[in-house]
Amino acid sequence: MASVTDTYIENRERVQPNDTNTLETAHGGNVVKWMDEVGAMSAMRHAEATCVTAHVDALDFERPVPKGDVCVVESYVYGVGETSLRVRIQAYREDPRTGERERTADSFFVFVAVDDGRPTPVPELTVDGERGRALREAARQREPTQ
């Protein structure tokens, strides 16, 4: 049974010219794709099954990610249902030279675990240690009302 911290994943994508819009910043669709992929990895780590996106809630873009910067995506599972997993996903722009980081997007995705195309049960989520409690509480404080 995975814990909140076991599902934490951080991934990086360098924003290349082909990833950008006319303003030479990461195209929003690319950022959403990267968020969806990393979020699914967190969900699958907990479910130990294939997970598919079921719902995206409150995807807020706060600032752009310029060409040449790195888009850092962090995700973790903070809640589960019978077959669903709630995942907090945040994106940041990071200067590859200095490591300076600013949050650029914040969202909550719901994934569903599937087996042979049908929803399948997921294990309970445990919360371990101070970091796990802090991650879950941060998600719950920002989570949109359902």
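This structure is a prediction, so every number in the text was calculated from the model and none was measured.

Asker: Can you help me understand the overall build of the protein in this one?
Answerer: Regarding its fold elements, the protein presents two helices and six strands. When its helices and strands are written in sequence order, the protein yields β-α-β-β-β-β-β-α. Since a compact globule built from 146 residues should have a radius of gyration of about 15 Å, the 15 Å found for the protein is in line with a globular shape. Taken across its 146 residues, the protein has 45% of its residues classed as buried. Long-range pairs, those at least 24 residues apart, make up 73% of the contacts in the protein with a sequence separation of at least 6.

Asker: Any chance you could explain unusual backbone geometry here in plain terms?
Answerer: Outside of glycine, negative phi angles account for most residues, and trans bonds account for most peptide bonds. Not every positive phi belongs to a glycine, and Glu24 is a case in point at roughly 60°. With respect to the helices and strands, Glu24 occurs in the loop between β1 (9-14) and α1 (28-47). Here Glu24 falls in the partly exposed class, since its relative accessible area comes to 44%.

Asker: Would you take a moment to explain the nonpolar core for this structure?
Answerer: One recurring pattern in soluble globular proteins: nonpolar side chains tend to sit buried together. Met35, Val73, Leu85 and Phe111 are the most contacted members of the largest nonpolar core, which totals 32 residues. Of all the secondary-structure elements, those providing two or more residues to this core are α1, β3 (70-80), β4 (84-94), β5 (101-115) and α2 (129-142). Broken down by element, the residue count for this core peaks at seven residues, all from α1. Beyond its immediate sequence surroundings of up to four residues, Val73 is in contact with Ile9, Glu10, Asn11, Trp34, Met35, Val38, Ile89, Gln90 and Ala91.

Asker: Would you mind going over the pattern of salt bridges with me for this structure?
Answerer: Where side chains of opposite charge bring their charged atoms close, a pairing between them can arise. Scanning the entire structure with this criterion turns up 17 salt bridges. Across the pair Lys33 and Glu37 runs a salt bridge, and its minimum N-O distance is 3.8 Å. With Lys33 and Glu37 both in helix α1 and four residues apart, the pair spans about one turn of that helix. The partly exposed category is assigned to Lys33, whose relative accessible area is 46%.

Asker: What is the right way to read the environment of Val38 from this model?
Answerer: Within the secondary structure, Val38 sits in helix α1. A relative accessible area of 2% places Val38 in the buried class. When the C-alpha atoms of Val38 and Arg63 are compared, they prove to be 20 Å apart, with 25 residues separating the residues in sequence. Excluding residues within four positions of it along the chain, Val38 makes contact with Ile9, Asn11, Val73 and Ser75.

So, how was this worked out
- Residues numbered from 1 in each chain as written.
- Predicted model: local features only at pLDDT ≥ 70, side-chain atom pairs only at ≥ 80, totals over all residues.
- Heavy atoms only, no water.
- Helix = DSSP H or I, 4+ residues; strand = E, 2+ residues; numbered from the N terminus.
- Rg over C-alpha atoms; globule rule 2.2 N^0.38 Å.
- Buried < 20%, exposed > 50% of the residue type's maximum accessible area, 1.4 Å probe, protein only.
- Contact = heavy atoms within 4.5 Å.
- Core = buried A, V, L, I, M, F, W, Y, C linked by side-chain atoms within 4.5 Å.
- Salt bridge = Lys/Arg side-chain N within 4 Å of Asp/Glu carboxyl O.

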